[in-house]
Amino acid sequence: MAELVSPASFQQSPLDTLRGVDRTNKTRVREAAEEFEAVFLNTMLQNMFTGLENGGTWGKGHGADAWQSLLVDEYARNIAASGGIGLADSVERELLALQEGSR
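Residues numbered from 1 in each chain as written. Predicted model: local features only at pLDDT ≥ 70, side-chain atom pairs only at ≥ 80, totals over all residues. Heavy atoms only, no water.

Participant: So what's going on with the packing of helix 1 (residues 26–49) against helix 2 (residues 64–81)? Which residues, and what values?
Facilitator: Two elements in contact, helix 1 and helix 2, have axes whose closest approach is 8 Å; the angle formed by their N-to-C orientations is 135 degrees. When the interaxial angle is binned, helix 1 and helix 2 end up oblique. Between helix 1 and helix 2 lies a crossing whose hand is right-handed. Contact residues: Glu34, Glu35, Glu37, Ala38, Leu41, Asn42, Leu45, Gln46 and Phe49 in helix 1; Gln68, Ser69, Val72, Asp73, Tyr75, Ala76, Arg77, Ile79, Ala80 and Ala81 in helix 2. (Axes fitted to C-alpha atoms, helices over the stretch in contact; angles between N-to-C directions. Helix = DSSP H or I, 4+ residues; strand = E, 2+ residues; numbered from the N terminus. Parallel < 35°, antiparallel > 145°, perpendicular 65-115°, else oblique. Left-handed = near helix turned anticlockwise from the far one by under 90°. Contact = heavy atoms within 4.5 Å.)

Participant: Tell me about the nonpolar core, and please be specific about residues and values.
Facilitator: The nonpolar side chains of a soluble globular protein tend to be buried, and buried together. Ranked by size, the top nonpolar core spans 6 residues in total: Ala38, Leu41, Leu45, Val72, Ala76 and Ala80. Sorting the residues of this core by element identifies helix 1 and helix 2 as the ones contributing at least two each. (Core = buried A, V, L, I, M, F, W, Y, C linked by side-chain atoms within 4.5 Å. Buried < 20%, exposed > 50% of the residue type's maximum accessible area, 1.4 Å probe, protein only.)

Participant: Can you lay out the environment of Phe40 for me, pointing to particular residues and giving the numbers?
Facilitator: Examined against the element boundaries, Phe40 turns out to sit in helix 1. Residues Phe40 and Arg77, spaced 37 residues apart in sequence, show a C-alpha to C-alpha distance of 10.0 Å. Excluding anything up to four places from it in sequence, Phe40 contacts Ile85 and Leu87.

Participant: I'd like to hear about the environment of Ala33, residue by residue, with values.
Facilitator: By the element assignment, Ala33 lies in helix 1. When the C-alpha positions of Ala33 and Leu95 are compared, they lie 8.2 Å apart, and in sequence the two are 62 residues distant.

Participant: Please set out the confidence of the model for the protein residue by residue, giving values where relevant.
Facilitator: The predicted model of the protein has a mean per-residue pLDDT of 76, with 66% of residues at 70 or higher. The spread of mean pLDDT over the elements of the protein runs between helix 3 (residues 87–101), the lowest at 86, and helix 1, the highest at 88. (pLDDT = per-residue confidence, 0-100.)

Participant: Please provide a residue-by-residue account of the packing of helix 1 against helix 3, values included.
Facilitator: Between helix 1 and helix 3, whose axes approach to 8 Å, the crossing angle comes to 135 degrees. Our classification of the angle between helix 1 and helix 3 gives oblique. Between helix 1 and helix 3 the crossing geometry is right-handed. Contacts between helix 1 and helix 3 pair Lys26, Val29, Arg30, Ala32, Ala33, Glu34, Phe36, Glu37 and Phe40 from the former with Leu87, Ala88, Asp89, Val91, Glu92, Leu95, Leu96, Gln99 and Glu100 from the latter.

Below you can see the structure in the form of structure tokens.
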């Protein structure tokens, strides 16, 4: 018979995600930090463009929303890769501290 699993058993400690990670490879940590910053910037920029009239940069029609979403995503990635707003630096420091503490 199948064993019942409690929802609490699905929750992992943040340190569990660090098991098996190459601790000497700091580029993956930086990439993850920049990706986090890009997602944050994407959310912030999407909200800035909410409520603007159709047309202009985005054009009109059925694809305008998709075009806007893709362009804002690219803006966010470029801003994050160019130094961003400093969020990636803080996230990187915290991720490295978590790695060092989990040894």
